[in-house]
Amino acid sequence: MAEEYLVLTAVGTDRPGIVADLTALLAERGANVADSRMAVLGGEFALMMLVSAEASGLGAVREDVAALAERLGLQLLVKGTRSPAEHRAGRVRSYEIRVHALDHPGIVHAVTESLRELGGNVVALDTTAYEAAVTGAPLFEMRLTADLPPDVTAARLREALSQVSDAANADVEVQPT
């Protein structure tokens, strides 16, 4: 039997037990959590999850997850997708990018626009704004993984991001993964 994939996205008021309830249902249906991101943003719990299962069982997973989400008070989006390996085929250069700066609007846009201009695709992105320990200054950190076309070298990527670094007064680090 063929394995297929669903992306589950859910948002709702944070409370203990949401993840346990969702993953219990998936495990009972023979579905696997292949990849996930979860966070509390403000007072809201947000979840993105890639679920894999035999094609024959995905219909029941969709229905049962929707019913559970309603009981939990979650807004839910369920969408079929392809395997991660199939999606990333042909994008052979992967990089990790870290950015540190004083927090101000536009940093994420500047970095992602530079990647777009190079034909890059953001695979993962995490940002955090926090206060400096001694001064209380607003600081920003971004961790990003991007896939780029094979002809984009690390040197070319660093050059493009150095312009962002200069304009945003940010430290930008690039490492192949």
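Scroll up a little and you will see the structure.
Only a predicted model underlies this, so the values are computations on that prediction, with no experimental measurement involved.

The 4 strands are arranged 2-3-1-4 in an open sheet whose pairing can be described as antiparallel. Because the sheet does not close on itself, it has two edges, and the strands there are strand 2 (32–41) and strand 4 (75–81). Taken pair by pair, the neighbouring strands of this sheet meet at an average axis angle of 10 degrees, ignoring direction. Two elements, strand 1 (residues 3–13) and strand 4, share 7 bridges in a ladder whose sense is antiparallel. Residue Tyr5 lies in a different strand from strand 4, and its bridge partner there is Thr81.

Time to look at the packing of helix 1 (residues 18–28) against helix 2 (residues 58–72). Where helix 1 meets helix 2, the closest approach of the two axes is 10 Å, and the angle between their N-to-C directions is 160 degrees. In terms of orientation, helix 1 and helix 2 fall into the roughly antiparallel class. Where helix 1 crosses over helix 2, the two elements pack in a sense that is right-handed. Across the interface between the two elements, Asp21, Leu22, Leu25 and Leu26 of helix 1 pack against Val61, Asp64, Val65, Leu68 and Leu72 of helix 2. In the contact of helix 1 with helix 2, the residues fall into 7 nonpolar, no polar and 2 charged.

Let's shift gears to helix 5 (residues 154–168). Compared with the 21 Å implied by 1.5 Å per residue over 15 residues, the 20 Å span of helix 5 between its first and last C-alpha is a close match. Listed as buried for helix 5 are Ala154, Leu157, Ala160, Leu161, Val164, Ser165 and Ala168. Close packing links the buried residues of helix 5 with strand 5 (93–102), helix 4 (107–117), strand 7 (138–148) and strand 8 (171–176). Downstream of helix 5 by a residue or two, Asn169 has a phi angle that is positive, lying close to 50 degrees.

Quick notes on the rules
Residues numbered from 1 in each chain as written. Predicted model: local features only at pLDDT ≥ 70, side-chain atom pairs only at ≥ 80, totals over all residues. Heavy atoms only, no water. Pairing = 2+ DSSP bridges. Helix = DSSP H or I, 4+ residues; strand = E, 2+ residues; numbered from the N terminus. Axes fitted to C-alpha atoms, helices over the stretch in contact; angles between N-to-C directions. Parallel < 35°, antiparallel > 145°, perpendicular 65-115°, else oblique. Left-handed = near helix turned anticlockwise from the far one by under 90°. Contact = heavy atoms within 4.5 Å. Nonpolar A, V, L, I, M, F, W, Y, C, P; charged D, E, K, R; others polar. Expected span 1.5 Å × (residues − 1). Buried < 20%, exposed > 50% of the residue type's maximum accessible area, 1.4 Å probe, protein only.

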